[in-house]
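Descriptive analysis of the structure
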Amino acid sequence: MSSPSEQGFTDFNAALDPARSAVVEACAGSGKTWLLASRIVRLLLAGVQPAEILAITFTRKAAHEIEERVVDWLRELATASDEAARHFLSERGVASSTVSDAATLARARGLYERVSGAQPGLAVNTFHGWFLQLVAVAPLSANLAGTTLADDGSRRFEELWQSFARRLQRDAQGEGEGKTVAQAFVRLLAEIGLASTKTLVRRGMARRAEWMAHIGQNEAPVAVTVGELTELFGVVDAAQALDALFAPGWEPDFHAYLGLLESSELESDQAFAAQLSLAMGLSEREERLKKLAPVLLTEKGTLRARKPSKALDKRFGSEGAQRFLDLHAALGTRVLDCLGQLQEARNLAFNRDALTVHHAFLQHLEAFKAERRQIDFVDAEWRVLQLLQDEASAAFIQARLDARYRHVLLDEFQDTNPLQWQILLAWLEAYTDAARPSVFLVGDPKQSIYRFRRAEPRLFATAADFLSRHFSAVRLTQDQTRRNAPAIVEVVNALFANEPAFQPFRTQSSLAQGLPGRVELLPLFADDEAAEEDAPPPDKLRDPLQEPALERVEQRRQREAEALARHLGGMFGRTRIRERQGREEVERPLRYGDVLLLVRTRTQIATYEQALAAAGIPFTAASRGGLLDSLEVRDVVALLTFLVTPAADLQLAHALKSPIFACSDEDLLQLAARPEAGWHRRLQAVAAQACSARLHRAADLIEAWIDAAARLPAHDLLDRIYHQGEVPARYRLAVPEARRAAALANLEALLLLALDLDGGRYPSLPRFIDELKALRAAEGDDAPDEGELAADEGVAADGRVRILTIHGAKGLEAPLVWLLDANATPPADKAWEVLVDWPPEAPAPRHFSFVGRKEERGASRSPLFEAEAAAAEREELNLLYVAVTRARQLFFASGISNSRKGESATAYSRLQAALGRLGGENTMAHGEPLPTGEIPAADRGDRRPVMANLPVPAVGERREPLDAAARFGILLHALLERRTENREEDGWWRGMGYTDGELARVRPVAERLLAAPALRRFLDPACYLRAWNEMEITDESGAVCRMDRLVEDVEAFWVLDYKSSGSDTARIGEYRAQVAAYCRAVATIFGAKPVRGALIFADASVVEVSS
Amino acid sequence: MAVAAHALTPDGGCLDAAAALLLAGAAADLPDLSRHLVLVSSLPLAAELRTALASAAGRPLLLPQFNTLRRWALAANLPDLPTPMPESERLVLLHSALAARGWFDEGALWGIAGELASLSDELSAAAVRLPDNEDELTRQLEQAYALRASEPLNFEARVVHEMWRALAAAGRPDAPSVYRLRLAQLAEQASRPLFVLLDGPAEERLTPAELAFIESYGRTQPVLVCAPQPRTGADSPLAAVLAAAWPEQPATDASAALMTRATQLAAVLPESPLAGRLQLVPVSGREAEAEAVAAQVFAWLGEGIRRIALVAEDRLTARRVRALLERAGVLAADETGWKLSTTRAAATLDALLETVAGSAYHLDLLDLFKSPHLFADLPSPARAGAVLALEQAIRRAGVKSGVLAFRRALAEQGAYIDAVSLSTASLMLDRLEVAQRILGGKPAPLAKWIARLQRGLDALGATGMLQADAAGDEILELLTQRQGELAESTASFGFAAWRDWFNRELEGGAFRDRGISSSVVMLPRHDVRLRRFEAAIVIGADAEQLAPAAGGTFFNQAVRRDLGLPTREDAERALRRDLELLLSTVPRVLVTWQHRQAGEARQLAPEFDLLSTLHALAWGDDLVRTPLPMAREAAAAADSLPALPVQARPSAPLAQVPARVSVSGLASLVACPYQFFARHVLRLNELDEVAEELEKSDYGQLVHRSLERFHAAHPSLAGLDDAAALAALSATVESVFAEAEADNWLALGWRLRWQARLPAYLAWQREREEAGWRWQAAEVKVARSLPLPDGATVELYGRIDRIDCAGPAGFGLLDYKTRKLTDLRRQMADDIQLPAYALLHGEAAEAAYVALDDEKVGTVACADDLADAGAAQGERLQAAFAALRNGAAMPAHGVDSVCRWCEASGLCRRDHVQSV
Ligand code: SF4
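A few points on the structure.

Calculation notes
Residues numbered from 1 in each chain as written. Chains lettered and ligands numbered in written order. Predicted model: local features only at pLDDT ≥ 70, side-chain atom pairs only at ≥ 80, totals over all residues. Heavy atoms only, no water. Helix = DSSP H or I, 4+ residues; strand = E, 2+ residues; numbered from the N terminus. Rg over C-alpha atoms; globule rule 2.2 N^0.38 Å. Buried < 20%, exposed > 50% of the residue type's maximum accessible area, 1.4 Å probe, protein only. Contact = heavy atoms within 4.5 Å. Buried area = accessible area lost by both parts, 1.4 Å probe. Salt bridge = Lys/Arg side-chain N within 4 Å of Asp/Glu carboxyl O. Polar contact = N/O pair within 3.5 Å; in protein donor to acceptor, adjacent residues only side chain to side chain. Nonpolar A, V, L, I, M, F, W, Y, C, P; charged D, E, K, R; others polar. Patch = residues over 30% accessible without salt bridge, like charges linked within 9 Å, V, L, I, M, F, W, Y side chains within 5 Å. Areas by Shrake-Rupley, 256 points an atom, 1.4 Å probe, with all protein chains shown as cover. Pairing = 2+ DSSP bridges. Axes fitted to C-alpha atoms, helices over the stretch in contact; angles between N-to-C directions. Expected span 1.5 Å × (residues − 1). Arc of directions from axis to C-beta. Phe/Tyr/Trp six-rings, centres within 6.5 Å; stacked < 30°, edge-to-face > 60°. Lys NZ or Arg CZ within 6 Å of the ring centre and 35° of its normal.

1. Structural notes on the overall build of chain A
Along chain A, the regular secondary structure elements total 42 helices and 27 strands. Its C-alpha radius of gyration of 41 Å places chain A more than 25% over the 32 Å reference for a compact globule of 1107 residues. By its C-alpha atoms, chain A is 150 × 80 × 75 Å across when sized along the principal axes. By residue count, 54% of the 1107 residues in chain A fall in the buried class. Across chain A, every contact between residues at least 6 apart in sequence was considered, and the portion connecting residues at least 24 apart equals 75%.

This is the structure we're talking about:
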């Protein structure tokens, strides 16, 4: 990859200088990763140990990429020619004098080995990864030992939500704290309903880190927080609000106003007068307010328009008129104030309840985790902060780590959240000034798009200041991209240069001079008018058997999707793009793999996928967590479900229709017609009589699998089903091309899921099915993702069109990027949210409250809401920036016309404006069309070579488990062996896999033998010279054979063989032969002495064998 | 006498060389080597050395005694030595000691106890003695950590030290110490010549105690220790390459640069000794890896290579490999084994404990009852029938947990269940209750808990089947053994703590399927050492998995080094030693790793990465190869091949066209004929599910019921003032919701939601009465049969929520909807229900939906020409059925909004039907 030196990076040397701390703000495509990796190399070159480097980036993927790149570079250094190695170094700002010196070069070449051998090695971390490391070395006193990491997904929330409800139900009966919570909960249910309450609690849980930071060590957090809010809202309750309006002596003005109204002859005024006097007569103040408000205020709650006019003067006389207007204004404001106050009072009450429940729920959560020794990422974050803020434990942790970080590198800093920043501060605090590390920080506030993960872009500035103050860090900016073609960069500048919300923005420039590029907008897609005005109601009802109902669906998105497929179809293989190859650029036709389709959210993706599939354009689904919803997986799950629940007729039928059995509707009809109860019985019945080959096959396999389902772990069962059911082969035949690869990948993913679920612990099939049900029900994060497409499936060479969310595309680039649904209005802020104000420099949030419906937010928090809104708008712009800057040469945007006119700006409208500003003749495009040229379409044949199915010899065999007799014999031998050597280490028989029971049965026999007079000569040491148990000999052939016992007495060697049977055994013949053979072998060894053999039977009888 | 050490050239001939040495050393005794003792590092190796010896001798021999040092030492008869404290007893001891001090949460204790136990083993094994007083240790830690004493540090010191003392105080030595004592004594008694075959340098492979043993054994008896020469210093070309790749001391000066070493190698060795011996194969993803491995095994087998080692660095992938091999009839002998917890038998036991813990939550209970191990004494068909019946009863009744509730459910459903199943099912529940009672007992010592578990299993008739199951038997044996060891221990534990303990046992214990004998062996890395394999595959050789073992959780490397405990450097050296032996003794080695996993890059283990780089430098080949492709899965059987799905459009034989259809059935027919086919021709429906929580649909029903009851009691509000009416209705609502709330309190939310609407509803009801309408009946069943051209009829039937009457003005049909008025309006265009009701009722003047989910309650009335609308629906129904009876097809053409919730989508295959 080209280097900043070619880019004329503004003094990038300082950024790489190991001795200095640095803060780099670098625009998209300017090689942040290059810079980070290069700094690591420079550090190592300066003699820094790998374990002294703490590098943190945002995602595991990025972390691994950086590691990989560093190692690759070091390998390159170690193997390249001197000249190349020198170039490499000077590219990275090593002074030419140093580069030329041999020692440096040698050191550089040595790095590769030093790093790969290092213990602990070079590790690029994510924040999470790092926190978990710190947790692992936390002092024992932190009581984190033996905790396991749990993901705080929606499933856990559901479980907690249910148990929380059960607890409240109990507490509602009781007294004290619990009861208060229960009551607050019931009030919420009544006020805002079950769903919203649940939403509140969930969102509250998601923000618990801020909550904990906000309340700190506080004893009564809820009370305190409510206190803060009371202050902010400036009201205690409704009564107080009304007091303000109806303070003693409130009447006169109203009377005066009433008087004037009554004096007016206008009917409307008369009506108002009547209403007003009626209202003033009311004693109940809230009622009174309700009645008199309409006199002064409009429906919308604004002051009624009363303007000075001749008519008015005529009515009241000139100063009467003036007085009337003054009164109207004054009273109006007073009423408005009071209404506002009432609203705040309601919000306060709502917050009191919400915070009470919220806090109780968090305590419930804590208990839940404590019981299971679980921590989740939030805890890790939070606990680490606490540990580091305590001097002693911070010091301990730094000492306890095997690594000693002297250099800290932070990537993608714009995605950091305030809590993480606080942790970093605490970490840096913990160093003694002597050991102060260098800090390198790189990021781009323009690409901060993770507000929903609490990322705080403003931290970048804060951190930069902090570092330049305390670490005298140099600050550098880099606004040159090597990625985007000039045309793209021009549009970027036009987009953002005078976008107030996007300041400060420095104009960017492209280093890819001469690289053709183009930005193009497709006209917005509208409903076609014909469909719009509903066709006249048909005189006759639709015949459902003939014509399908026509869905009143989004025609517009349909059109957008079709246009997309059409456009792309026209460009593949024709439009020519430029590709870097090493240091050259070559021109080649556009491939599927060159295209990146971006969406804001996943919700609409299906439509685009269908269009692509219909056009036969291979793509990788951007959908997530959809594995269990895909038909092929549902097929298999249906089968499994039936296997554990034979009553599941629908699932059986489903499985039968799936490619696994490929049964037809006729087959199903045949089963439906059977009299037997339950489809399983029916299937057995038809299989016994006449039925299709398909049904026969199904019946056979299913019987076998039902049996296996009970015994096998889920994974092994699935594997058997896939194999015996020829599952992959059949799906190849039964899934249309565009979806085939995905289907196969999904089937594979399911298999691996079965293997991996809960580490394969306690793998019963029913439990697996229940798990799958739960996983499928779970939202987002928990639901398993679709299988990854095997890289080598069919279309490999041309790759696949990728559909991604803008978030997912972070850090990626592509020759052609297409922003879909670009005219969507930014998401409106949700009701039932948490409002947190955590200024970047503050150690903890300053504000924490719950927000109800938009229209009921009240005035006192509006500055906070405005700040939120501003941040949200800024993020919209960031998203657009990220989207456009993914494109190397071509950027398209398409969208659908907005039904609601005059909406806030959209990505599309902004692009349109920008193109306008660039002022080409064509306001829908900028830049030159790329060269095109027909080329033969690459053949899409499956390139994957397939190994010939050469016959595999069957290898290995299942031993029949030994029968009781054989086991008895073996144990008898073992026991005799030990008794004759008088050693019996305890539990030896268990070691051999025998039970105490078995031993008990063997022992008497052994004793009988040991006691038998006839055997004394063999078993009593007094009677012989030498004896060996389990004696092994080899015969001429070199074959090893083992005899039970070999005894040497004065006149002979005795080869003894124990038999657990009696002497009357039918096999006596073969026994004799065997012993005889042993005798011969022994004879060849001890030529001198005679060798005799004997069989010893369980009944202590002896049969001599002569050789 | 003395110890003679002899280095073997590390290559395939290693064992023969060893055998030769053995023979030479024992020449005097030939052919009777029976007095010789041969100790090797593993039993399989012993077997191989034995054969090597036999063939080397070329004549009959009385073979020496073969064993491993450890087995031999532990088996030896040394009556006057103490027996070590069993692991299990020691854990309990530590657990109680920790608990007594109240330092940690109950839940953490087993884990910490386990860590402390292994730490103390490490200490004894390394013959390390901690300083006698705690402050000493603290000082030592300060030193090693380079950290001033502080609360955390002191605490770590205290924990370790106190526990260490607690163990010492127990008065029984631990296994390592006993082992040391035995070795010492055996060395004393040395009476036979000793031959030791090690698989690495003695100082690396043997503990201090073992080294000492050999040393002193040598004083009285001849000892010959031979071991393969380490790569450095070995004179084989291969060793030279490995030495160059993995220098024992990291290279420092330029002359020793990798590149230089490479060129030097190439200079002396024009041919790479690794060429053809080692392949590095990157794969993307687990399945790809498993396939690459299996494919290679098949290829080798095809070439007649039989003795193949599968080194399972990645257990999960290894498991996939095993499955793929078995498919092709290749069974691998397993020397590693799986955690007991991953066996089906363990699942049964856990299901039992879970059922007890969760007071018989329905899913756990069914999981348990469906286990193949239970109720062996009941005839299996009866068992299956009973479980089936029980499950259906539970689903129908929607009961979540509790044996009592299940009994009730059974009773309710009794009518549908055959006598045998019914009695069997309740018998099973009886026996479960027994088990629950046994296992629900008070805190008790572990031995007692084990006894309880055993009795519980007996009660469920599971013992027999578990014993018959290899893994199950292993587990039961394990329990009996622990029971024996812990017979004396009195510390008592609650259910949770006991269950933790049990889970840890199942996690710790390995199950080895000894039933398979095969020349293809799956084994841990270090067991390949020196054995004669023709080929080996290292599965999962990425930097994360093929890594030196990490030390325990106590202390960091610096401290461990300082204490004299093995550090990660030692582990690293051992790792390289293993690989060195593997590469030099096995002629074909394949190394696989997932270089991409879920889109993330993964590095090859540094050992192989270095080797590859060196090799590339020296011979221009980085040894990286592409995976062998797996033979495509067997082609599908011809007679039942699936084809690309097309739109389903079955037609039903006359006999199977239903004669009755409900209004919802008609709606289904209109929405999508295939859905109608599935539901009403095939009569396939979802099984009921047990819901955790009240759902929207249930809410609707409760609302209906409350209104039905209320109006049954108060046909008209005339007699009631607003307050009274509200009170009455509210009371009704509460009684209707009561059960749901008892079952799950969140139902309260729904009730409150409905109660908030009550005033609005009553207001609407009054208006209606003022308008002259009188409530007449609710939930009215109506039916009407319509003639068909072929003389048959089709009966349409349904149930009307509510019928009002306005005297002469006629009847009003009302249908309650817990939805918003606007939503309902939007759907009136193709509404079927109301006209259908009108048709069924016959004399309705009005038919309307009552929207119950807005501030105000309002109605949407169906088309003004109600009769015509009804008639039209009738005609459509008749026409459709006439067509169906004539074999018309029922196409699957629902619209997305219908399909999204359609349970038949698996039957019509919609998602796979090619969209064009
Ligand atoms: S999924 Fe759609 S097409 Fe298939 S049966 Fe159901 S409604 Fe009809």
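So that's the structure; there's more coming.
2. Some thoughts on the interface of chain B and chain A
Counting residues at the interface gives 179 residues for chain B, matched by 159 residues for chain A. Roughly 14,200 Å² of surface becomes buried between chain B and chain A when both sides are summed, with 58% attributable to carbon and sulfur atoms. Counting every contact that joins chain B to chain A gives 20 salt bridges. When the shortest N-O distance is used, the salt bridge between Asp716(A) and Arg319(B) registers 3.1 Å. At the surface where chain B touches chain A, the tally comes to 51 residue pairs in polar contact (both at pLDDT 80 or more). Among the elements that make up the side of chain B that touches chain A, the one with the highest residue count is helix α13 (residues 286-302) of chain B (7 residues). The residue inventory of the side of chain B that touches chain A, partitioned by class, reads 92 nonpolar, 38 polar and 49 charged.

3. Some points on a nonpolar patch on the surface
A contiguous nonpolar surface patch, about 190 Å² in accessible area, is contributed by Leu303(A), Leu336(A) and Leu339(A). Inspection of the secondary structure puts Leu339(A) in helix α18 (residues 318-372).

4. Re the sheet that holds strand β5 (residues 194-197) of chain B
Residue and element names in this part refer to chain B. Strand order in the open sheet formed by 5 strands is β1-β6-β5-β2-β4, and the pairing between neighbours is parallel. Each edge of the open sheet is held by one strand with a lone partner, namely β1 (3-8) and β4 (65-68). Across this sheet, the average inter-strand angle for adjacent strands is 20°, counted without regard to direction.

5. Thoughts on helix α15 (residues 267-281) of chain A
Residues and elements named next belong to chain A. With 15 residues, α15 extends 21 Å between its outermost C-alpha atoms, agreeing within 8% with the 21 Å of an ideal straight helix rising 1.5 Å per residue. All of the buried residues in α15 are Asp269, Phe272, Ala273, Leu276, Ala279 and Met280. Along the axis of α15, the buried residues cluster in a sector spanning 135°; they form a single face. For α15, the exposed residues lying more than 90 degrees away from the buried face are Glu267 and Gly281. Buried-residue contacts for α15 involve α14 (251-263), α16 (285-296) and α17 (310-316).

6. Some points on the pairing of strand β2 (residues 37-40) of chain B
Regular strands place side chains that alternate from one sheet face to the opposite one. All names here are of chain B. Neither face of β2 is left uncovered, since the one carrying Leu37 and Leu39 and the one carrying Val38 and Val40 both have all their residues buried. Here 4 bridges tie β2 to β4, and the two strands are oriented parallel to one another. Across the sheet, residue leucine 39 finds its bridge partner in β4, namely asparagine 67. In terms of strand pairing, β2 meets β5 through 4 bridges, oriented parallel. Across the sheet, valine 38 pairs through a bridge with phenylalanine 195, a residue of β5.

7. Some remarks on the packing of aromatic side chains
Scanning the model with the defined rule gives 57 aromatic pairs over all chains in all. With centroids separated by 5.8 Å and ring planes inclined at 35°, the aromatic side chains of Trp130(A) and Phe131(A) adopt a geometry described as tilted. Comparing Trp130(A) with Phe131(A) shows no difference in burial state: the two are buried. Where Trp103(B) meets Phe104(B), the ring centres are 6.4 Å apart and the plane angle is 75°; that geometry is what we call edge-to-face. A relative accessible area of 8% places Phe104(B) in the buried class. An aromatic cluster of at least three residues, connected via ring pairs, comprises Phe127(A), Trp130(A), Phe131(A), Tyr405(A), Trp427(A) and Tyr431(A). It is Lys1059(A) that lies over the ring of Tyr1071(A); its NZ or CZ is 4.1 Å from the centre.

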